[in-house]
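A closer look at the structure
Spelled out from the first residue to the last, the chains are:
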Amino acid sequence: MEFDFTALEPQSRYRLLTNFIGPRPIALVTTRSAAGHNNAAPMSFFNVFSHDPPIVVLGIQPRVTGEEKDTMANIRRTGEFVVNMVDMALSEQMLVCGLGFDSEVDELSMARLTATPCGRIDASFAAESPCAFECRVERLIDYPRRTLVLGEVVHMHVHRRCLDEEGCYVDPDRYQPIARLHADNYITSDRQFVLKAPAISDFLEPDGG
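Residues numbered from 1 in each chain as written. Predicted model: local features only at pLDDT ≥ 70, side-chain atom pairs only at ≥ 80, totals over all residues. Heavy atoms only, no water.

A closer look at a nonpolar patch on the surface
Where nonpolar side chains cluster on the molecular surface, the patch consists of Met1, Phe3, Phe5, Leu17, Phe20 and Ile21 and spans about 710 Å² of accessible area. Positionally, phenylalanine 20 belongs in helix α1 (residues 10-20). (Patch = residues over 30% accessible without salt bridge, like charges linked within 9 Å, V, L, I, M, F, W, Y side chains within 5 Å. Areas by Shrake-Rupley, 256 points an atom, 1.4 Å probe, with all protein chains shown as cover. Salt bridge = Lys/Arg side-chain N within 4 Å of Asp/Glu carboxyl O. Helix = DSSP H or I, 4+ residues; strand = E, 2+ residues; numbered from the N terminus.)

Focus on the sheet that holds strand β3 (residues 38-43)
The strand order across the open sheet formed by seven strands is β3-β2-β6-β9-β10-β5-β4, and the pairing between neighbours is antiparallel. Of all the strands in the sheet, just β3 and β4 (46-51) have a single pairing partner and so form its edges. Geometrically, the sheet is characterised by an average inter-axis angle of 35° between neighbouring strands, direction not taken into account. Of the strand pairs in this sheet, strand β2 (residues 27-32) and strand β6 (residues 80-85) are connected by four bridges, and their pairing is antiparallel. Within β6, the residue paired with valine 29 across the bridge is valine 83. (Pairing = 2+ DSSP bridges. Axes fitted to C-alpha atoms, helices over the stretch in contact; angles between N-to-C directions.)

Points about unusual backbone geometry
The step from glycine 22 to proline 23 runs through a cis peptide bond, and the omega angle for that step is 0°. Along the chain, the position of proline 23 falls in the loop between α1 and β1 (24-25). Residue arginine 112 is not a glycine yet carries a positive backbone phi of 60°. Of note, arginine 112 is situated in the loop between α4 (107-110) and β7 (115-117). Unusually for a residue other than glycine, alanine 183 sits at a positive phi of about 50°. Turning to its location among the elements, alanine 183 is positioned in the loop between β11 (178-180) and β12 (186-188).

Focus on the layout of surface pockets
There is about 680 Å³ of room inside the largest pocket. Within the residue set of the lining of the largest pocket, elements represented by two or more residues are β3, β5 (54-60), α2 (70-78) and α3 (91-97). Ranked by the residues each element gives to the lining of the largest pocket, the list is headed by β3, at five residues. Residues belonging to the lining of the largest pocket are distributed by class as follows: 14 nonpolar, seven polar and seven charged. Counted as a void, the second largest pocket has a volume near 550 Å³. As for the second largest pocket, its lining consists of 17 residues, of which Arg13, Tyr14, Leu17, Phe45 and Arg146 are closest to the centre. At the level of elements, α1, β1 and β4 are the ones that each hand at least two residues to the lining of the second largest pocket. Taken together, the residues that form the lining of the second largest pocket break down as eight nonpolar, five polar and four charged. (1 Å grid on protein atoms, 1.4 Å probe; cavity = no way out; pocket = protein on both sides within 12 Å on 5 of 7 lines; lining within 4 Å. Points joined across faces, edges and corners; volume = space filled by probe spheres on them. Nonpolar A, V, L, I, M, F, W, Y, C, P; charged D, E, K, R; others polar.)

Some points on α2
Asp70, Thr71, Met72, Asn74 and Ile75 are the residues of α2 that are buried. Next to the buried residues of α2 lie β2, β3, β5, β6, β9 (131-143) and β10 (146-158). (Buried < 20%, exposed > 50% of the residue type's maximum accessible area, 1.4 Å probe, protein only. Contact = heavy atoms within 4.5 Å.)

What about the sheet that holds β1?
Sheet architecture is open: three strands sit in the order β1-β11-β12, paired in antiparallel fashion. Of all the strands in the sheet, just β1 and β12 have a single pairing partner and so form its edges. Relative to β12, β11 runs antiparallel, the two sharing three bridges. Of the residues in β12, the one forming a bridge with alanine 179 is isoleucine 187.

Points about the pattern of salt bridges
On inspection of all chains with the given rule, the structure shows seven salt bridges. With its nearest N and O atoms 2.7 Å apart, the salt bridge here joins glutamate 68 to arginine 76. Among the residues examined, glutamate 68 registers a relative accessible area of 30% and is labelled partly exposed. Here aspartate 142 and arginine 76 are joined by a salt bridge, their closest N and O atoms 3.0 Å apart. A residue pair is termed long-range when its members are at least 10 positions apart, and aspartate 142 in strand β9 and arginine 76 in helix α2 qualify at 66 residues. With a relative accessible area of 35%, arginine 76 lands in the partly exposed category. One network of salt bridges, with partners in common, ties together Arg63, Glu67 and Asp70.

Read these as geometric descriptors, not functional statements.
Have a look at this one:
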């Protein structure tokens, strides 16, 4: 089958993109409201795109009414946000944070997550998250129905149990983030395997051709 994205309506494009590009890691994004309380919302249009500078990107769409979501409004006002990674232990709380609460509701409190002050920005992260990235907005790219938020990571919180003995690499038996596939389907990284690339010499002729 062939799909002409220049002719497809937005919902069909969304369905095809999210069904076939995945799994997509989940960012439980926490921000500070104008009234000073915590806002938390899960985003699956998210990934890391650079390490130098350390840049993560969120894709945030407005509400059906066209009004900006609380997360986007807070990011635009403060220039700061936190990406809390989500594992199985945090999955149900993540869903609670995604419910359509009013703007003045503290989602971290509703989900019974422990709000902990950040070290470098004026926001809180969920202490239960296996790792959290404090971010400052590097730039915003606005489209009619989506804003791309480029955030520079300025600080990171990691549970010690998630790292190997040297504290350098992830322990795959302990850190198993979940990711979204499509609709209400998710996947966890508890089945990991190693793939090593073959030597390039195996594919080259002896004369280097």
